[in-house]
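Here are the chains, one letter per residue:
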Amino acid sequence: MNQTLTERAAQPLTTLSEDEEMFRASVREFAEGELRPRVEEMDEHGKLDPALTKQCFDLGLMGIETPEEYGGAGASFFTAIVAVEELSRVDPSLGVFVDVQNTLVNNALIRWGNEEQKKKYLTQLASARVGAYALSEAGSGSDAFALATRAVEGDDHYVLNGRKLWITNGNEAEIFIVFANLNPEAGYRGITAFIVEKGFEGFSVGKKENKLGIRASSTTELIMEDCRVPKGNVLGEVGRGYKVSIETLNEGRIGIGAQMIGLARGALEAALRYTSEREQFGRAINDFQGVQFQLAEMATELEAARLMVYNAARMKDAGLAFVKEAAMAKLYSSRAAERISSKAIELYGGYGFVKDYPVEKFWRDSKIGAIYEGTSNMQLQTIAKMIIGGK
Ligand SMILES: Cc1cc2nc3c(=O)[nH]c(=O)nc-3n(C[C@H](O)[C@H](O)[C@H](O)COP(=O)(O)OP(=O)(O)OC[C@H]3O[C@@H](n4cnc5c(N)ncnc54)[C@H](O)[C@@H]3O)c2cc1C
């Protein structure tokens with residue numbers, strides 16, 4: 001045991017095991033071969049290519065941590081992080097598609113689902129059906145527990161009424177984790193998590209958002225009008241949905257960190273390539289020290305962000321407390337991604353400002369990192385609470 005710990009402690013954070021390395025290589029091959037040729041068109045049309053989403057299932061990317069007995073790969077959380085990073089290096093939209101499935105939906109079911117729910121839903125989510133995670137509403141974002149969706153108990157079912165907003169994968173998903181309040185007088189202690197299927201009576205998908213970035217990732221409204229949910233579909237305990245949401249999002253944030261470091265890597269690699277090819281004053285522009293120093297700053301910032309994301313993920317896998325590190329990783333990596341992709345545009349000059357080159361998209365995509373799964377202010381609030389103590 002001590003030997004193993006010592007050996008592990010001696011490993012650099014960025015050293016991957018043989019399995020992790022093979023997995024990374026296979027995701028990269030998919031991202032380069034299948035995803036890259038489709039990125040521009042998917043961004044333009046605001047839609048993921050269904051052929052790609054199917055391939056995500058075929059490659060085992062939709063049930064990475066799901067135990068093998070439920071059809072998943074039974075791999076670590078870190079492995080899911082590697083997948084999100086590699087996909088986001090080419091397209092952060094497909095990155096978040098896979099991220100939400102693994103770090104929010106599967107994760108919530110693995111952690112809180114009973115045996116029957118796991119058998120039914122984890123199996124479907126690993127093989128063919130897309131999931132979504134529905135907490136936010138028009139009136140409750142940062143103040144998530146002020147949600148207005150209500151659940152009322154019937155004989156063998158609950159009846160849900162309300163609207164969710166901004167739901168990632170809303171158009172592709174068939175299985176939704178929906179948060180509703182069963183007992184508003186009890187405040188957040190009335191919040192309960194439900195597993196809702198697209199086909200349930202009274203459930204429909206509303207308007208799709210037309211977005212600045214991650215345009216191919218669908219973001220939709222969900223509408224529940226007397227939506228009947230069987231009693232067996234309560235996820236975790238009645239009145240403990242707040243705990244399900246907080247704890248799932250704590251882990252999910254590391255996934256957003258992975259999306260951001262993948263994106264930043266894509267932007268930096270593009271800038272490295274371009275500055276070696278573009279000539280001005282009779283030389284490649286990366287011959288100028290001014291350009292070299294900017295590339296060096298970008299690489300350093302990315303390295304710091306990557307270490308923070310990897311560390312938070314490894315801490316989670318090791319069963320250590322990771323909430324502060326996850327918040328820091330998301331905060332820092334989203335800022336790094338925005339700065340690195342912005343600088344990449346400038347290094348491309350005028351070519352960086354047009355859609356024929358990939359960097360303007362990376363910058364547009366980077367903005368979401370400071371917003372979803374808790375805005376940057378909310379991450380600062382979490383970090384402050386943990387370093388100062390509860391107030
Ligand atoms: C593309 C996209 C995808 C999304 N996907 C999902 C999803 O799959 N599931 C889901 O449930 N939600 C999703 N969301 C919602 C997202 O999590 C919320 O947008 C986010 O939590 C912020 O909430 P809000 O938009 O209501 O902003 P608000 O909470 O209104 O915040 C507005 C501003 O006020 C600041 N602010 C608010 N309160 C405080 C405070 N106490 N102290 C300091 N500053 C404060 C915020 O930091 C922010 O700058 C998604 C959003 C987008 C845009």
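Use the structure listed above.
Just so it is clear, the model here is predicted, and its values are computed rather than measured.

As for empty space enclosed by the protein
- In total, this model carries one cavity of 30 Å³ or more according to the counting rule given.
- Approximately 30 Å³ is the volume found for the largest cavity.
- Together, Ser26, Val27, Leu59 and Leu61 line the largest cavity.

Quick word on the pattern of salt bridges
- Tallying each qualifying case throughout the model produces 34 salt bridges.
- Where Arg111 meets Glu247, a salt bridge forms, and the shortest distance between an N and an O atom there is 2.5 Å. On the criterion of sequence distance, the pair formed by Arg111 in helix α6 (residues 92-112) and Glu247 in helix α8 (residues 241-277) is long-range, its members being 136 residues apart.
- When the shortest N-O distance is used, the salt bridge between Glu221 and Arg163 registers 2.9 Å.

Comments concerning the site of the ligand
- Around the ligand there are 19 residues in total, and Ser136, Ser142, Trp166, Thr168 and Thr375 lie nearest to it.
- Within the contact set of the ligand, an oxygen atom lies 2.6 Å away from a side-chain nitrogen or oxygen of Thr375.
- Between a nitrogen atom of the ligand and a side-chain N or O atom of Asn377, the distance comes to 2.9 Å.
- Coverage of the ligand by the protein amounts to 64% of the 980 Å² it exposes when considered alone.
- With respect to the detected pockets, the ligand is housed in the largest pocket.
- Broken down by secondary-structure element, the contributors of at least two residues to the shell around the ligand are β1 (130-134), β3 (157-168) and α12 (376-388).

Quick notes on the packing of aromatic side chains
- Scanning the model with the defined rule gives 13 aromatic pairs in all.
- Their ring planes at 75 degrees and their centres at 6.2 Å tell us that Tyr274 and Tyr357 sit as a pair that is edge-to-face. With Tyr274 in helix α8 and Tyr357 in the loop between α10 (323-348) and α11 (359-366), the pair connects residues that are 83 residues apart, well separated along the chain.
- Using a relative accessible area of 30% as the deciding quantity, one classes Tyr357 as partly exposed.
- Ring centres of Tyr351 and Tyr357 lie 5.8 Å apart, and the angle between their planes is 75 degrees; this geometry places the pair in the edge-to-face category.
- Among the aromatic residues, ring-to-ring pairing joins Tyr274, Tyr348, Tyr351 and Tyr357 into one connected group.
- The ring of Tyr158 has Lys231 lying over it, and the distance from NZ or CZ to the ring centre is 5.7 Å.
- The ring of Phe78 is capped by Arg314, whose NZ or CZ atom sits 3.6 Å from the centre of that ring.

Examining helix α5 (residues 77-90)
- Between its first and last C-alpha atoms α5 spans 21 Å; for 14 residues at 1.5 Å apiece the expected length is 20 Å, and the two agree.
- Counting buried residues in α5 gives 14 out of 14 residues, a clear majority hidden from the surface.

With respect to unusual backbone geometry
- A positive phi is found at Trp166, a non-glycine position, where the angle reads about 70 degrees.
- Position of Trp166 among the secondary structure elements: in strand β3.
- For Asp226, which is not glycine, the phi dihedral falls at a positive 50 degrees.
- As for its position among the elements, Asp226 is in strand β7 (residues 219-230).

Quick word on the nonpolar core
- Grouped together as the largest cluster of nonpolar side chains are 110 residues, with contacts concentrated most on Leu160, Phe194 and Val196.
- Per-element accounting of this core gives the leading share, 14 residues, to α8.
- The residues contacting Val196, other than those within four sequence positions of it, are Leu160, Glu174, Ile175, Phe176, Val178, Phe203, Cys227 and Val229.

Focus: the packing of α6 against α8
- Look at α6 against α8: their axes get within 9 Å of each other, and the N-to-C directions meet at 155 degrees. Here α6 lies roughly antiparallel to α8, going by the angle between them. As for the relative orientation of α6 and α8, their crossing is right-handed in sense. Contact residues: α6 offers Pro92, Val96, Asp99, Thr103, Leu104, Asn107, Ala108, Arg111 and Trp112, while α8 offers Lys243, Val244, Glu247, Thr248, Leu249, Glu251, Gly252, Gly255, Ile256, Gln259 and Leu263.

Side note on a nonpolar patch on the surface
- Together, Tyr351, Phe353 and Val354 make up an exposed nonpolar region whose accessible area comes to about 330 Å².
- Take Val354: it is sitting in the loop between α10 and α11.
- Taking relative accessible area as the criterion, Val354 reaches 34% and is therefore assigned partly exposed.

Cut-offs applied
- Residues numbered from 1 in each chain as written.
- Predicted model: local features only at pLDDT ≥ 70, side-chain atom pairs only at ≥ 80, totals over all residues.
- Heavy atoms only, no water.
- 1 Å grid on protein atoms, 1.4 Å probe; cavity = no way out; pocket = protein on both sides within 12 Å on 5 of 7 lines; lining within 4 Å.
- Points joined across faces, edges and corners; volume = space filled by probe spheres on them.
- Salt bridge = Lys/Arg side-chain N within 4 Å of Asp/Glu carboxyl O.
- Helix = DSSP H or I, 4+ residues; strand = E, 2+ residues; numbered from the N terminus.
- Near = heavy atom within 4 Å.
- Polar contact = N/O pair within 3.5 Å; in protein donor to acceptor, adjacent residues only side chain to side chain.
- Areas by Shrake-Rupley, 256 points an atom, 1.4 Å probe, with all protein chains shown as cover.
- Sits in = over half its atoms within 2 Å of the grid points.
- Phe/Tyr/Trp six-rings, centres within 6.5 Å; stacked < 30°, edge-to-face > 60°.
- Buried < 20%, exposed > 50% of the residue type's maximum accessible area, 1.4 Å probe, protein only.
- Lys NZ or Arg CZ within 6 Å of the ring centre and 35° of its normal.
- Expected span 1.5 Å × (residues − 1).
- Core = buried A, V, L, I, M, F, W, Y, C linked by side-chain atoms within 4.5 Å.
- Contact = heavy atoms within 4.5 Å.
- Axes fitted to C-alpha atoms, helices over the stretch in contact; angles between N-to-C directions.
- Parallel < 35°, antiparallel > 145°, perpendicular 65-115°, else oblique.
- Left-handed = near helix turned anticlockwise from the far one by under 90°.
- Patch = residues over 30% accessible without salt bridge, like charges linked within 9 Å, V, L, I, M, F, W, Y side chains within 5 Å.

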